[in-house]
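# Working through the structure, step by step
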Amino acid sequence: VGGTADLETPLLVRIKPVAEKAGISGDWRITPEPAVDIGQRPELDTLGPAVWTPYPSPQWKAQTADDNEITDDAYQGKAKIVVFYLGFGCLHCVEQLKAINPKVEGFKEAGIEVLAISTETLEELQKGLASYGSELPITIMADPDKQAFKAFRCWDDFESQPLHGTFLIDASGRVRWQDIGYEPFNNIDFLLEESKRLLTIPDSI
């Protein structure tokens with residue numbers, strides 16, 4: 001450190017008399033020698049990208065309530081919010097859906113689709129929608145095999161059970177924002193504003 005230090009910094013100016021008393025005048029710094037025992041340096045390209053980029057969204061498929069299979073290909077070229085919820089039997093999940101519903105129009109105005117994928121079977125999904133009490137303005141799908149949950153890492157491998165997840169995926173299929181955990185993400189006002197902000201940022205920064 002001393003070999004590259006600035007002699008004009010207050011600390012080193014204060015020790016100048018010490019150096020002079022020791023018979024050293026002028027620049028007393030000792031130029032450091034480069035280390036020769038650092039081992040084999042890896043190629044820089046093997047250490048990862050030079051700039052950060054959002055990671056590609058995993059591929060997924062799920063069933064709609066009317067028993068149609070939907071894949072991520074159906075939403076190519078569109079920005080979207082994808083919500084992974086545990087089903088209508090989860091009170092927290094229902095609260096999340098209710099919090100999202102009045103904001104769906106705001107997402108659409110921002111050019112963002114809103115989708116929800118549950119762990120339920122098709123029959124459970126149909127019953128849940130029927131008992132919800134009002135029409136949901138978002139596309140609701142079932143993933144009974146939990147393959148989409150696992151692809152997005154909304155899965156606790158230790159407990160072998162699904163987790164809640166909320167993802168913002170841009171039009172080029174890259175994940176710009178995510179929240180995964182035992183509780184669903186319910187700050188929808190933040191999600192809407194943050195989604196609009198993030199989608200204005202280039203893919204790499």
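Figured I'd write up the structure that's included with this text. Nothing here was measured: the structure is a model prediction, and the numbers come from that model.

## Description of the overall build of the chain
Along its length, the chain carries seven helices and nine strands. The globule rule puts the C-alpha radius of gyration for 205 residues at 17 Å, and the 28 Å found for the chain is more than 25% above it. Seen along its three principal axes, the alpha-carbon backbone of the chain occupies a region of about 90 × 35 × 35 Å. Taken over 205 residues, the chain has a buried fraction of 37%. Within the chain, contacts between residues at least 6 apart in sequence are counted, and of these 67% link residues at least 24 apart. If you sum the accessible surface of the chain, you get close to 12800 Å²; carbon and sulfur atoms cover 52% of it. Where the 19 positive side-chain charges of the chain centre and where its 33 negative ones centre are 6 Å apart.

## What to know about the nonpolar core
By size, the foremost hydrophobic cluster in this structure holds 28 residues, and its most contacted members are Ile81, Tyr85, Phe88, Phe107 and Ile140. Contributions of two or more residues to this core are made by strand 3 (79-85), helix 3 (91-100), helix 4 (104-109), strand 4 (112-118), helix 5 (122-132), strand 5 (139-142) and helix 7 (188-198). Look past the residues within four positions of Ile81 in its chain and what remains in contact with it is Phe107, Ile112, Glu113, Val114, Leu115, Thr166, Phe167, Leu168, Leu191 and Ser195. Grouped together as the second largest cluster of nonpolar side chains are 16 residues, Trp60, Tyr75, Leu115 and Ala148 included.

## A look at the sheet that holds strand 2 (residues 69-71)
An order of 2-1-5-4-3-8-9 is seen for the seven strands of this open sheet, with the pairing classed as mixed. Each having just a single partner strand, strand 2 and strand 9 (175-181) make up the two edges of the open sheet. Between one strand axis and the next, the sheet turns by 30 degrees as a mean value, whatever way the strands run. Of the strand pairs in this sheet, strand 8 (residues 164-169) and strand 9 are connected by six bridges, and their pairing is antiparallel. Bridge pairing in strand 9 places Phe167 opposite Gln178. Contacting strand 1 (61-64), strand 3, strand 4 and strand 5, helix 5 crosses the sheet at an angle of about 145 degrees to strand 5.

So, how was this worked out
Residues numbered from 1 in each chain as written. Predicted model: local features only at pLDDT ≥ 70, side-chain atom pairs only at ≥ 80, totals over all residues. Heavy atoms only, no water. Helix = DSSP H or I, 4+ residues; strand = E, 2+ residues; numbered from the N terminus. Rg over C-alpha atoms; globule rule 2.2 N^0.38 Å. Buried < 20%, exposed > 50% of the residue type's maximum accessible area, 1.4 Å probe, protein only. Contact = heavy atoms within 4.5 Å. Areas by Shrake-Rupley, 256 points an atom, 1.4 Å probe, with all protein chains shown as cover. Lys, Arg positive; Asp, Glu negative; His and termini not counted. Charge placed at Lys NZ, Arg CZ, Asp CG, Glu CD. Core = buried A, V, L, I, M, F, W, Y, C linked by side-chain atoms within 4.5 Å. Pairing = 2+ DSSP bridges. Axes fitted to C-alpha atoms, helices over the stretch in contact; angles between N-to-C directions.

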